[in-house]
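# An overview of the molecular structure
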Amino acid sequence: MLRVGIAGLGFMGMVHHLSYAKLRGVKVAAIADPDAKKRGGDWRSIKGNFGPPGAKMDLAGVATYESVDEMIADASLDVIDITLPPALHADIAYRALAAGKHVFCEKPMAMRPADCDRMVKAAAKAKKQLYIGHVLPYFPEYAWALKEIQSGKHGALIGGSFKRVISDPAWLTTFWDPDRVGGPMLDLHVHDAHFIRLVFGKPMAVSTSGRMRNGLPEYWNTQFEFSGQSAVGSGQEGKALPTVLATSGTINQQGRSFQHAFEIHLERATLVFDFAVIGGEGAYLCPPTVLTHDGKAKRPKLAGGDPMDAFETELREVVRCVKEDKPSAVLSAELARDAIVLCQAQAKSLESGKRVRV
């Protein structure tokens, strides 16, 4: 039985706790949080934008710690699951790895690439696994797109566009703090930066335009430039390099609280999808669709749909990889580190008005 300790009982800590409970071969054996009520099982103050509301939890058999370091010192734990604010990720991961624990850390991996590098080196030195919680590839629409790309049946990737926009989360008081959350670039767009890196490989340069707020990117468009073969797909050599665009950021109107979409171009098909929450109701603006080379539009039936299912699938991958003591192709720390590098380059390009090499 794999024994996990969860560091931080905010919304994501609750999501992870509930998801582990659905999996075999793993147990949440400990939690760490400075809030005495949460350690006592009263999670009614926890709120999020999906999933069940916080409730009173039965924590019988679960060790509780006021500090994360106390939990890290628990010799019975195999994995430390970090769901703390982003600014704390690097230090806590470093200490957990140094203590001989595997680590699963929520995205973003860290605030700066240098901190990501420190985490990777600590994992290598400890000979332990480090996974980063980029859940987007496990959402049905993105899992479907990834499977269609990897199948090779539509030919090579030749481009794509991605969109991820939210209304300003005024309720999150630290959202625009560059040292604690980092605004929409690190909290929001990092999802698409990771997915772009996963399927297209690492870009060589970015060009970004848009608007700033409090010294941080607020809303922007980015052109990604590539110099080699795509990471997923085949037959790219000798052909035009992929054309990849991304739009992300926040708007001040609350009527559309969330939107994400993609249009992925392959040699013999285009994959399209657009989903938004408008007036409090989520709906497809365009359901997942394959536009085929023979002029047809095919709509696959996708399994799932509840965001909680994606987290369950993600954590199943973590459990499998820890038990086999091997890295994950999707939750790789190296991929997550590159996503932070891309976000940093985009922010630099937006601020300077210049093309930035990655």
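Higher on the page you've got the structure.
These figures come from a predicted structure and were not determined experimentally. (Residues numbered from 1 in each chain as written. Predicted model: local features only at pLDDT ≥ 70, side-chain atom pairs only at ≥ 80, totals over all residues. Heavy atoms only, no water.)

### Details of the pattern of salt bridges
Summed over the entire model, instances satisfying the criterion amount to 20 salt bridges. Between Glu317 and Arg320 there is a salt bridge; the shortest N-O distance is 2.8 Å. Pair noted here: Glu317 and Arg320 are both in helix 8 (residues 307-324), with a separation of three residues, about one helical turn. For Glu317, a relative accessible area of 14% puts it in the buried group. Accessibility expressed as a relative area gives 35% for Arg320, which makes it partly exposed. Arg337 serves as the salt-bridge partner of Asp338, at 3.8 Å between the closest nitrogen and oxygen. With a relative accessible area of 21%, Arg337 lands in the partly exposed category. Counted as one network, the salt bridges with shared partners bring together Asp117, Arg197, Lys202, Arg337 and Asp338. (Salt bridge = Lys/Arg side-chain N within 4 Å of Asp/Glu carboxyl O. Helix = DSSP H or I, 4+ residues; strand = E, 2+ residues; numbered from the N terminus. Buried < 20%, exposed > 50% of the residue type's maximum accessible area, 1.4 Å probe, protein only.)

### Overview of the sheet that holds strand 5 (residues 102-106)
Spatial strand order, 3-2-1-4-5-6: six strands in an open sheet with parallel pairing. Strand pairing shows two members of the sheet lacking a second neighbour, strand 3 (63-65) and strand 6 (130-133), which therefore form its edges. Here the strands of the sheet are splayed against their neighbours by 25° on average, with no regard to which way each runs. One ladder, built from four bridges, connects strand 5 with strand 6; its direction is parallel. Pairing of Glu106 across the sheet is with Gly133, part of strand 6. In the packing of helix 1 (residues 11-20) onto the sheet, contacts are made with strand 1 (2-7), strand 2 (26-32), strand 4 (79-82) and strand 5, and the angle to strand 1 comes to roughly 165°. (Pairing = 2+ DSSP bridges. Axes fitted to C-alpha atoms, helices over the stretch in contact; angles between N-to-C directions. Contact = heavy atoms within 4.5 Å.)

### Brief notes about the packing of aromatic side chains
The tally for this structure, following the rule as stated, stands at twelve aromatic pairs. Ring geometry for Tyr142 and Phe262: centres 5.0 Å apart, planes at 75°, overall edge-to-face. Placement of Tyr142 in helix 6 (residues 140-151) and of Phe262 in strand 11 (residues 256-266) is noted, with a sequence separation of 120 residues between them. With a centroid separation of 6.4 Å and 25° between ring planes, the pair formed by Trp144 and Phe262 is classed as stacked. Of this pair, Trp144 sits in helix 6 while Phe262 sits in strand 11; the two residues are 118 residues apart in sequence, bridging distant segments of the chain. Taken as a pair, Trp144 and Phe262 share a single burial class, namely buried. Put simply, the rings of Tyr142, Trp144, Phe162, Phe195, Phe200, Phe226, Phe262, Phe273, Phe275 and Tyr284 touch in pairs and so form one group of aromatic residues. Positioned over the ring face of Tyr94 is Arg118, at 5.6 Å from the centre of the ring. (Phe/Tyr/Trp six-rings, centres within 6.5 Å; stacked < 30°, edge-to-face > 60°. Lys NZ or Arg CZ within 6 Å of the ring centre and 35° of its normal.)

Remember that the coordinates give geometry; whether it matters functionally is a separate question.
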